[in-house]
Amino acid sequence: MSVSTAAADQSLCTPLPVLGRDVTVPLVTGGEVTYAALDYAASAPALQRVWDDVAAYAPYYGSVHRGAGYLSQLSTDLFENARGTVAEFLGCRAGDQVVFTRSTTDSLNLLARAIPAGCQVFVFETEHHASLLPWQHADVTYLDAPRTPGQAVEILERALAGRDPYGPALVCVTGASNVTGELWPVRELAAAAHAHGARIVLDAAQLAPHHPVSVTDLDVDWIAFSGHKLYAPFGSGVLAGRADWLQAAEPYLAGGGASRRVTRREDGGVAVEWHESAARHEAGSPNVIGAYAIAAACKALTEAGWDTLVAREQHLIAKVRAGLAEVPEVRVLSLFGDDAPRVGVLSFVVDGWNSSHFAAALSAEYGIGVRDGLFCAHPLVRTLLGTDPGTQGECGAPEAAPGEKSLNAIRVSFGAGTPDEHVDRFVNAVRELVRDGAKWQYRTEEGRCVPAV
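Residues numbered from 1 in each chain as written. Predicted model: local features only at pLDDT ≥ 70, side-chain atom pairs only at ≥ 80, totals over all residues. Heavy atoms only, no water.

## Structural notes on the nonpolar core
Across soluble globular proteins, nonpolar side chains have a tendency to be buried as a group.
Here comes step 1: If you look at the biggest cluster of nonpolar residues, it comprises 86 residues, and the most contacted ones within it are Leu 202 and Phe 225.
Here comes step 2: Considering every element that reaches this core, the biggest residue donor is helix α10 (residues 288–304), with 11 residues.
Here comes step 3: Those residues in contact with Phe 225 that lie beyond four places of it in its chain are Val 86, Leu 90, Ser 103, Thr 104, Ala 204, Ala 205, Ala 208, Leu 230, Gly 237, Val 238 and Ile 294.
Here comes step 4: Grouped together as the second largest cluster of nonpolar side chains are 33 residues, Phe 348, Ala 360, Phe 414 and Val 423 included. (Core = buried A, V, L, I, M, F, W, Y, C linked by side-chain atoms within 4.5 Å. Buried < 20%, exposed > 50% of the residue type's maximum accessible area, 1.4 Å probe, protein only. Helix = DSSP H or I, 4+ residues; strand = E, 2+ residues; numbered from the N terminus. Contact = heavy atoms within 4.5 Å.)

## Looking at empty space enclosed by the protein
Here comes step 1: Summed over the entire model, instances satisfying the criterion amount to one cavity of 30 Å³ or more.
Here comes step 2: In this structure, the largest cavity encloses a volume near 40 Å³.
Here comes step 3: For the largest cavity, the full set of lining residues is Tyr 40, Ala 41, Ala 44, Gln 206, Pro 209, His 210, Lys 229 and Tyr 231.
Here comes step 4: Residues that form the lining of the largest cavity fall into these classes: five nonpolar, two polar and one charged. (1 Å grid on protein atoms, 1.4 Å probe; cavity = no way out; pocket = protein on both sides within 12 Å on 5 of 7 lines; lining within 4 Å. Points joined across faces, edges and corners; volume = space filled by probe spheres on them. Nonpolar A, V, L, I, M, F, W, Y, C, P; charged D, E, K, R; others polar.)

## Let's talk about the pairing of strand β7 (residues 169–174)
Here comes step 1: Among the six residues in β7, six count as buried, and that is most of the element.
Here comes step 2: Here β7 shows no split at all, with Ala 169, Val 171 and Val 173 on one side and Leu 170, Cys 172 and Thr 174 on the other all buried.
Here comes step 3: As paired elements, strand β5 (residues 120–124) and β7 share four bridges and run parallel to each other. Paired with Gln 120 across the strands is Ala 169, a residue of β7. (Pairing = 2+ DSSP bridges.)

## Re unusual backbone geometry
Here comes step 1: With phi around 70°, Tyr 231 is a residue other than glycine that occupies positive phi space.
Here comes step 2: Considering the arrangement of structural elements, one finds Tyr 231 in the loop between β9 (222–226) and β10 (237–241).

## Considerations on a nonpolar patch on the surface
Here comes step 1: A surface patch of nonpolar side chains, amounting to about 340 Å² of accessible area, comprises Tyr 60, Tyr 70 and Leu 71.
Here comes step 2: As for its placement among the helices and strands, Leu 71 is situated in helix α3 (residues 70–89). (Patch = residues over 30% accessible without salt bridge, like charges linked within 9 Å, V, L, I, M, F, W, Y side chains within 5 Å. Areas by Shrake-Rupley, 256 points an atom, 1.4 Å probe, with all protein chains shown as cover. Salt bridge = Lys/Arg side-chain N within 4 Å of Asp/Glu carboxyl O.)

## Some thoughts on helix α2 (residues 48–57)
Here comes step 1: If you check which residues of α2 are buried, you get Val 50, Val 54 and Tyr 57. Down the axis of α2, the smallest arc covering the buried residues is 60°, so these residues share one side. (Arc of directions from axis to C-beta.)

## So, the side chain of Asp 420
Here comes step 1: Positionally, Asp 420 belongs in helix α14 (residues 420–436).
Here comes step 2: Reaching out from Asp 420, the side chain makes a polar contact with the side chain of Lys 319 at a distance of 3.0 Å. (Polar contact = N/O pair within 3.5 Å; in protein donor to acceptor, adjacent residues only side chain to side chain.)

## With respect to the packing of aromatic side chains
Here comes step 1: Within this structure, the stated rule accounts for 12 aromatic pairs.
Here comes step 2: Ring centres 6.4 Å apart and planes at 45° place the aromatic pair Phe 89 and Trp 306 in the tilted group. Placement of Phe 89 in helix α3 and of Trp 306 in helix α11 (residues 306–325) is noted, with a sequence separation of 217 residues between them. Considered together, Phe 89 and Trp 306 belong to a single accessibility category, that of buried residues.
Here comes step 3: A connected cluster of aromatic rings, assembled from ring pairs, spans Phe 348, Trp 353, Phe 358 and Phe 426. (Phe/Tyr/Trp six-rings, centres within 6.5 Å; stacked < 30°, edge-to-face > 60°.)

## With respect to the environment of Val 350
Here comes step 1: Positionally, Val 350 belongs in strand β14 (residues 345–350).
Here comes step 2: Each C-alpha atom of the pair Val 350 and Arg 448 lies 18 Å from the other, and the pair is 98 residues apart in sequence.
Here comes step 3: In this structure, Val 350 is in contact with Glu 329, Val 330, Phe 358, Ile 410 and Val 434, ignoring residues within four places of it in sequence.

## What about the sheet that holds β7?
Here comes step 1: One open sheet accounts for seven strands, arranged β4-β10-β9-β8-β7-β5-β6; its pairing is mixed. The open sheet has two edge strands with one neighbour each: β4 (97–101) and β6 (139–143). Neighbour-to-neighbour, the strand axes of this sheet turn through a mean angle of 20°, independent of strand direction.
Here comes step 2: Each of β5, β7 and β8 (199–203) touches helix α7 (residues 186–195); the most contacted strand, β8, lies at about 155° to it. (Axes fitted to C-alpha atoms, helices over the stretch in contact; angles between N-to-C directions.)

## Some words on the sheet that holds β14
Here comes step 1: Reading across from one edge, β13-β14-β17-β16 is the order of the four strands in this open sheet, with antiparallel pairing throughout. Of all the strands in the sheet, the pair left with one neighbour each is β13 (330–332) and β16 (371–373). Pairs of neighbouring strands in the sheet enclose a mean axial angle of 30°, with direction left out of account.
Here comes step 2: Looking at chain direction, β14 and strand β17 (residues 409–413) are connected through four bridges and run antiparallel. When the sheet's bridge partners are listed, Ser 347 is paired in β17 with Arg 411.
Here comes step 3: Packed onto the sheet, α11 meets β13, β14 and β17 and runs at close to 10° relative to β14.

## Details of the side chain of Arg 342
Here comes step 1: Within the secondary structure, Arg 342 is located in the loop between β13 and β14.
Here comes step 2: Buried and unpaired, Arg 342 has no salt bridge, with Glu 182 as the nearest side chain of opposite charge at 4.2 Å.
Here comes step 3: Within the structure, Arg 342 has its side chain in polar contact with the backbone oxygen of Thr 180 (distance 3.0 Å).
Here comes step 4: The residues touching Arg 342, leaving out its near neighbours within four places in the chain, are Thr 180, Gly 181, Glu 182, Leu 183, Gln 314, Ile 317, Arg 321, Leu 333, Ser 334 and Gly 337. (Lys, Arg positive; Asp, Glu negative; His and termini not counted.)

What follows is the structure, given as structure tokens:
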């Protein structure tokens, strides 16, 4: 191997610095080990760069859009500049709005409140609950799970062909599954939606931390994502895209900041003139630090270089898939097949194991944090597991003891801050648990599988 090739490989395998990378946790079998955080799909650790940027700003924190003092003016500038940074990160078009929310869930509920009367909504059953459930008060059509990307487009086109051609319509689709990590054909789905006079919103919660996402390139009408999955803490999210439906809708929350002018009417009531900008749906004191953290994460990921980040993640995905493939008892869940492109999210089940028991053993005996359950995507996981769609289950562990059959799965997820050692430890732990069994006894406590003491 040449020196230049070795240097390139070393660069590929260098994770971005994140908080918690040196945290140690106790093992039930004795001793401590560096924690392997492999639950990025739930919440990714904060990038050190993001934390440092927020810490540098924190002493200057002030209220925005209200104060004449220096700190308020500085905070207002940072807040609005963060909006511009996010717009650039998402490749927004001229006239698009960037609304800061609490999360992806909040963003999609906001849009659900803003859709015009009589709007028909089309959503695949494979969506996360954040994008599956907000439309229940609309005329919603739930689409069956496709088994190929092409079939997804065909299913949508058939559904759209049968809709009222004169009314408004909206398609909601994920960019990358939070269960399988598989990439969806967003550009093709957007083309199908627009060909039938519908608009489309992209749930990019799992896509944005792993791939560049552009409103313009994907030709979607809106994008929603969360800061806590994009290596940015403090509970903030984004809804970005077309302004017209947002401007025409009643404010998501009524209060200060959303109102431009409030006067008393002659009849004793109150007349309100609402803002037409993003502030219309940002009533109350905004989460300035959360918005600033998202902007810092957008800058950090862009500066790190998407080509490098994607290549490195594919290297980790290949490691995990190759390691799991060597264990016959492991079945990786997939809609589109083994060759489907994906981000660093994989779910699986292990023959002979309760999934909650397996996840508990990974944590207690190896210091590895994964997730077990239905991942707030119940219809999708049940489809992948081949269980009755009406079977009861929860986002967390079911009431099943170790060794009993469970109706959930195990999810491992990783990203820009994951070192190779964490992935290697995970693969070795899976192999050892399947071969040798757990070293400890476990019991079910309040719906969770925990080590017996």
